[in-house]
Structure formats: C-alpha cells, structure tokens
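What follows is each chain in one-letter form.
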Amino acid sequence: PAWVAEIDDDLADTAAFSEAYAVPLDASANCVVVAARRAGQTTLAACVVLATTRADVNGLVRRHLGARRASFAPQDVAVAESGMAYGGITPVGLPGDWPVLIDPAVEAAGFVVIGSGTRGSKLAVAGSLLAALPTAEVLDGLGQPLGDPPAPPAAGPVRRAPDDADVGWGERPGEPGDDDQRYLEDRPPHWGRD
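Since the structure is predicted, the reported quantities are computational estimates derived from the model, not experimental observations.

A. Representation of the overall build of the protein. Assigned secondary structure in the protein consists of six helices and 10 strands. The buried share among the 194 residues of the protein stands at 35%. Carbon and sulfur atoms provide 53% of the accessible area of the protein, an area that totals close to 12300 Å².

Below, the structure written as structure tokens:
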C-alpha cells in the first residue's frame, strides 16, 4: 500500500515540509543521488535514509560501490538521469541499473514519507516496500546521526622543532634602525655583495 498527497511545491524540501505539514522527521525519508567514480567510470546510485540521519556517502557508500570517490551527484545530473524533479527524487521508478541503498531504519519503519518524483506531492509507503524494490539493498550503517562531526583526538603536549622560535617569519629581534642591515644580510647569493 502507498498513498500520495498533494503539497505546495515550495515546501518540498524535508525541513520545510515537516514544519508546514507537522510530519515528524523520523517519519520522513530522504532519497539522495550519489555519483561513484572509479577508473573514469561513473555509477549513479540512490541512498534512502531517515530525515534524522545523513547518508555515509564518502565512507560506506563509496566502499560498497567499489569506487575511488563518491559524492552527491550534481543537481543537473540527478534530474536528467532520474527523470525526476530535484527535491522530489524518489527510489520508486529510478532507472533499473541504479543500486538503491536503504538504511535498516527505513526498512523497519511502518510508513515513511518520501518524494514522489515531483515537488508537488509526497508518497507515504511502508519501509519494507522500499526494501523490496528490485535493485534495493539494505545496508547497515548507511544512515549516520546528524550533528557536529566528531572532535579530532586530543593532542599531547606541544613539541617544537629545534628551529622553531617565537619570532615570526622575516622578523628579527633588534633595533628598528637595523632594517637596512637585515635586507643586506638577506639578499640571495646571486645578487652579489656591495
């Protein structure tokens, strides 16, 4: 079973839709188009994750597709290749050779609201129905929590190189009148000496 509902085109983006129509983000799913590249070949794929998460494109998706690089497909490419409107792309009806990667939380959801292929409507479908699409694969860890990226590891004590000093580049301690002498000393050898 699936339902379709007309919405305002300007409210198709997930955050605006959720606020305007009081649909919680954990009941909404995003479908993003990914371009994976390896040896001059580009493979397009779709990733479906809950709106409370983001797709792990640069890590898990890249490795799963055997790509050297993976990124979100440019808007014009996503629209042209999917045949759908940007902001309304859905996993339902994508080209048959595209992998459709589904987060387990989407599969487990009773119903999720997703794009319908246009900005003027949304679909409500069972997550299990999306996982049953012909090219769908449920991929553990696809959806990563939103939020700040992890902090870098704490650094140990600062260790300075032997030539590191508190004097900046081009600075020398001394009197302000010593500037001319500094320039004479710093001349490259091929300039010769006076």
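On we go from here.
B. View of unusual backbone geometry. The backbone of alanine 22 shows a phi angle near 55°, a positive value even though the residue is not glycine. Residue alanine 39 is not a glycine yet carries a positive backbone phi of 50°. Counting through the fold element by element, alanine 39 comes out in the loop between strand S2 (29–38) and strand S3 (41–50). Assessed through its relative accessible area of 76%, alanine 39 is described here as exposed.

C. Quick look at the pattern of salt bridges. One pass over the structure, following the stated rule, counts one salt bridge. Residues aspartate 13 and arginine 119 are paired through a salt bridge, measuring 3.5 Å at the closest nitrogen-oxygen approach. Of the two residues, aspartate 13 sits in the loop between strand S1 (2–6) and helix H1 (14–21) while arginine 119 sits in the loop between strand S7 (112–115) and strand S8 (121–125), which places them 106 residues apart along the sequence.

D. Broad picture of the sheet that holds S1. Reading across the sheet, the three strands line up as S1-S8-S7 and stay open at both edges, with antiparallel pairing between neighbours. A single partner strand is all that each edge strand has here, and the edge strands are S1 and S7. Shown here is a sheet whose adjacent strand axes are inclined to one another by a mean of 30°, direction ignored.

E. Examining the sheet that holds strand S6 (residues 100–102) more closely. In spatial order, the strands read S5-S2-S3-S6-S9; together these five strands make up an open sheet with mixed pairing. Of all the strands in the sheet, the pair left with one neighbour each is strand S5 (69–72) and strand S9 (136–138). Adjacent strand axes in the sheet meet at a mean angle of 30°, parallel and antiparallel pairs treated alike. Note: S3 against S6, three bridges, orientation parallel. Residue pairing in the sheet places valine 48 in a bridge with isoleucine 102 of S6. Running at roughly 120° to S5, helix H2 (residues 57–64) makes contact with S2, S3, S5, S6 and S9 of the sheet.

F. Summary view of the packing of aromatic side chains. In the structure shown here, the tally under the stated rule is two aromatic pairs. Cation over ring: lysine 122 sits above phenylalanine 17, and NZ or CZ is 5.1 Å from the ring centre.

G. The arrangement of the nonpolar core in detail. The biggest cluster of nonpolar side chains holds 25 residues, and the ones touching the most others in it are Val48, Val106, Val112 and Leu130. Those elements giving two or more residues to this core turn out to be S2, S3, S6, S7 and S8. Those residues within four positions of valine 106 in sequence are excluded, and the remaining contacts are Ala29, Val48, Val49, Leu50, Val112, Gly127 and Leu130.

H. Structural view of the confidence of the model for the protein. Of all residues in the protein, 76% attain a pLDDT of 70 or more, and the chain-wide mean is 84. Looking across the protein, the model is least confident in helix H6 (residues 179–185), with a mean pLDDT of 57, and most confident in S6, with 96.

I. Focus on the environment of isoleucine 114. Secondary-structure assignment places isoleucine 114 in strand S7. Look past the residues within four positions of isoleucine 114 in its chain and what remains in contact with it is Ala29, Thr90, Pro91, Val92, Lys122, Leu123, Val125 and Leu130.

Parameters and conventions
Residues numbered from 1 in each chain as written. Predicted model: local features only at pLDDT ≥ 70, side-chain atom pairs only at ≥ 80, totals over all residues. Heavy atoms only, no water. Helix = DSSP H or I, 4+ residues; strand = E, 2+ residues; numbered from the N terminus. Buried < 20%, exposed > 50% of the residue type's maximum accessible area, 1.4 Å probe, protein only. Areas by Shrake-Rupley, 256 points an atom, 1.4 Å probe, with all protein chains shown as cover. Salt bridge = Lys/Arg side-chain N within 4 Å of Asp/Glu carboxyl O. Pairing = 2+ DSSP bridges. Axes fitted to C-alpha atoms, helices over the stretch in contact; angles between N-to-C directions. Contact = heavy atoms within 4.5 Å. Phe/Tyr/Trp six-rings, centres within 6.5 Å; stacked < 30°, edge-to-face > 60°. Lys NZ or Arg CZ within 6 Å of the ring centre and 35° of its normal. Core = buried A, V, L, I, M, F, W, Y, C linked by side-chain atoms within 4.5 Å. pLDDT = per-residue confidence, 0-100.

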